[in-house]
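Listed here are the chains, written in short residue letters.
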Amino acid sequence: MMPKVFITRAIAPSALSRIETVCEVDLWDGEMPPPYSILCDRVRGVDGLFSMITDRIDAGVYEAAGASLKVVSNMAVGYNNIDVAAAQARGIAIGNTPGVLTDATADLTLALLLAAARRIVEGVEYVRAGEWRTWHPNLLAGRDLNGATLGIVGFGRIGRAVAHRAQAFGLRILAYSPSLTDEEAARFSVTPASIETILSEADFVSLHCPLTPETRHLIDAQALTQMKDDAILINTSRGPVVDQAALYAALKEGRIGGAALDVTDPEPMPDDDPLLLLPNVIVIPHLGSATTQTREKMALMAADNLIAGVTGQPLPNAVTT
Ligand code: DGY
């Protein structure tokens, strides 16, 4: 008998057919994620669960699945949607997809940095609103990148890929990671710095840390007061790393220069969120890894984790913490 798996969203056909060669598949192909009660219903008796960051995977899900559940394969590098400790207590393996989305996410970070520095979104809105009458020396003047300082908070794969790209634009890079050694910093041509130094010296601050109890609201009211009054905050990590109410206050009062957010708290951002009314704020809907090629690679990697888990093999990419 084939192992049974539940997949919580339509995935790349290549990944689906790879799974179907080994497993009996139940697939939720709704536009919205399966509601929690339906998720619990559909996992009953499955051997494997293929999940997304939009699915809350907790003890209730493991309980509903029962003893047959061997693996949860998350199609993401982040796994803050999953109760890993509760899974480990039950011997359920957790898989994620590191590496394959590094370039796409770093590209998007640079796109946001450039868009904010050069006021691209304001420019598009200006033209669409029929306001473009003439060239003017001060029209939508933005910021130079060359010679400016970029502070990278979280210097893992994505932070490093951002540094590599940013160096081509002449940005000086300050980097913080709890484990960053001087030798590593030299290898990536960045200056190791504390978060405090980054906040006080950087013209652009870009967040690349995972969401953990320690990083929740890392950028709070106090951190925002340390930033330069024209600094731009870029977040492509997880929304709750930033205290969004404090961010709104800092922007509204002109205490920082702008923000470009790929991730928000909550997601989706409510339509009436006051941040959306500020011209110096860019918000996009969690698109860090959203290229067709990258999403296929993520799906294939998650498929391999799922198949390994349901067939009793070690996961190629297991979450171990
Ligand atoms: C991830 O993989 O963690 C991203 O946030 C979703 O692409």
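Rules and cut-offs
- Residues numbered from 1 in each chain as written.
- Predicted model: local features only at pLDDT ≥ 70, side-chain atom pairs only at ≥ 80, totals over all residues.
- Heavy atoms only, no water.
- Helix = DSSP H or I, 4+ residues; strand = E, 2+ residues; numbered from the N terminus.
- Polar contact = N/O pair within 3.5 Å; in protein donor to acceptor, adjacent residues only side chain to side chain.
- Core = buried A, V, L, I, M, F, W, Y, C linked by side-chain atoms within 4.5 Å.
- Buried < 20%, exposed > 50% of the residue type's maximum accessible area, 1.4 Å probe, protein only.
- Domains from an automatic or database assignment.
- Contact = heavy atoms within 4.5 Å.
- Pairing = 2+ DSSP bridges.
- Axes fitted to C-alpha atoms, helices over the stretch in contact; angles between N-to-C directions.
- Near = heavy atom within 4 Å.
- Nonpolar A, V, L, I, M, F, W, Y, C, P; charged D, E, K, R; others polar.
- Buried area = accessible area lost by both parts, 1.4 Å probe.
- Salt bridge = Lys/Arg side-chain N within 4 Å of Asp/Glu carboxyl O.

Caption draft 1: The environment of asparagine 74, seen in detail. Looking at where asparagine 74 falls in the secondary structure, it is placed in strand β4 (residues 71-74). As a C-alpha pair, asparagine 74 and methionine 301 span 227 residues in sequence and 9.7 Å in three-dimensional space. Within polar-contact distance, the side chain of asparagine 74 engages the side chain of asparagine 81 at 3.0 Å.

Caption draft 2: Here's a closer look at the nonpolar core. Of all hydrophobic cores here, the largest spans 52 residues; its most connected members are Ile11, Ile19, Phe50, Leu150, Leu171 and Phe204. Within the residue set of this core, elements represented by two or more residues are β1 (4-7), α1 (13-20), α5 (102-117), β6 (149-153), α7 (157-168), β7 (172-176), β10 (232-235) and α12 (292-310). Tallying contributions element by element places α12 first for this core, with 9 residues. Summarising the domain contributions, this core has at least three residues from each of domain 1 (4-100 + 292-310) and domain 2 (102-283). The contact partners of leucine 171, leaving out residues within four places of it in the chain, are Leu113, Leu145, Ala148, Thr149, Leu150, Ala166 and Phe204.

Caption draft 3: Expanded view of the sheet that holds strand β12 (residues 281-283). If you trace the 7 strands from one edge of the open sheet to the other, you get β8-β7-β6-β9-β10-β11-β12, paired in parallel fashion. Whereas interior strands pair on both sides, the edge strands pair on one side only; in this sheet they are β8 (191-192) and β12. Where α5 meets the sheet, it contacts β6, β9 (204-207), β10, β11 (258-261) and β12, and its direction lies at approximately 155° from that of β10.

Caption draft 4: Spatial organisation of the site of the ligand. Taken together, Ala76, Val77, Gly78, Leu101, Arg238, His286, Ser289 and Met298 make up the full set of residues adjacent to the ligand. Within the backbone of valine 77, an N or O atom sits 2.7 Å from an oxygen atom of the ligand. Contact between the ligand and serine 289: an oxygen atom at 2.6 Å from a side-chain N or O atom of the residue. Here the residues of the shell around the ligand sort into 4 nonpolar, 3 polar and 1 charged.

Caption draft 5: Here's a closer look at the side chain of serine 206. Along the chain, serine 206 falls in strand β9. For serine 206, the side chain forms a polar contact with the side chain of histidine 208, separated by 2.7 Å. Every residue in contact with serine 206, bar those within four places of it in the chain, is listed here: Thr109, Leu150, Gly151, Ile152, Val153 and Ile234.

Caption draft 6: Representation of the sheet that holds strand β5 (residues 93-95) in the model. With parallel pairing, the 5 strands of this open sheet are ordered in space as β2-β1-β3-β4-β5. A strand with exactly one partner marks an edge of an open sheet, and here the two such strands are β2 (24-27) and β5. In this sheet, neighbouring strand axes are inclined to one another by 15° on average, regardless of whether the strands run parallel or antiparallel. Across 3 bridges, the pairing between β4 and β5 is parallel.

Caption draft 7: Quick peek at the domain arrangement of the protein chain. The assigned domain composition of the protein chain is domain 1 (4-100 + 292-310) and domain 2 (102-283). One C-alpha centre belongs to domain 1, the other to domain 2; they are set 32 Å apart. In this assembly, 7 residues from domain 1 lie in contact with 5 residues from domain 2. Approximately 520 Å² of surface area, both sides summed, lies buried where domain 1 meets domain 2, with 48% of it carried by carbon and sulfur atoms. Across the domain 1-domain 2 interface, the total number found is 0 salt bridges. Inspection of the domain 1/domain 2 interface yields 2 residue pairs in polar contact (both at pLDDT 80 or more). When grouped by side-chain class, the residues that make up the side of domain 1 that touches domain 2 number 3 nonpolar, 4 polar and no charged.

Caption draft 8: Local environment of unusual backbone geometry. Looking along the chain, the bond that leaves aspartate 265 and enters proline 266 is cis, with omega of 5°. The residue proline 266 is located in the loop between β11 and β12 in this model. Phi is positive for arginine 119, which is not a glycine, with a value near 55°. Here arginine 119 lies in the loop between α5 and α6 (120-128). By relative accessible area, which is 26% here, arginine 119 ends up partly exposed.

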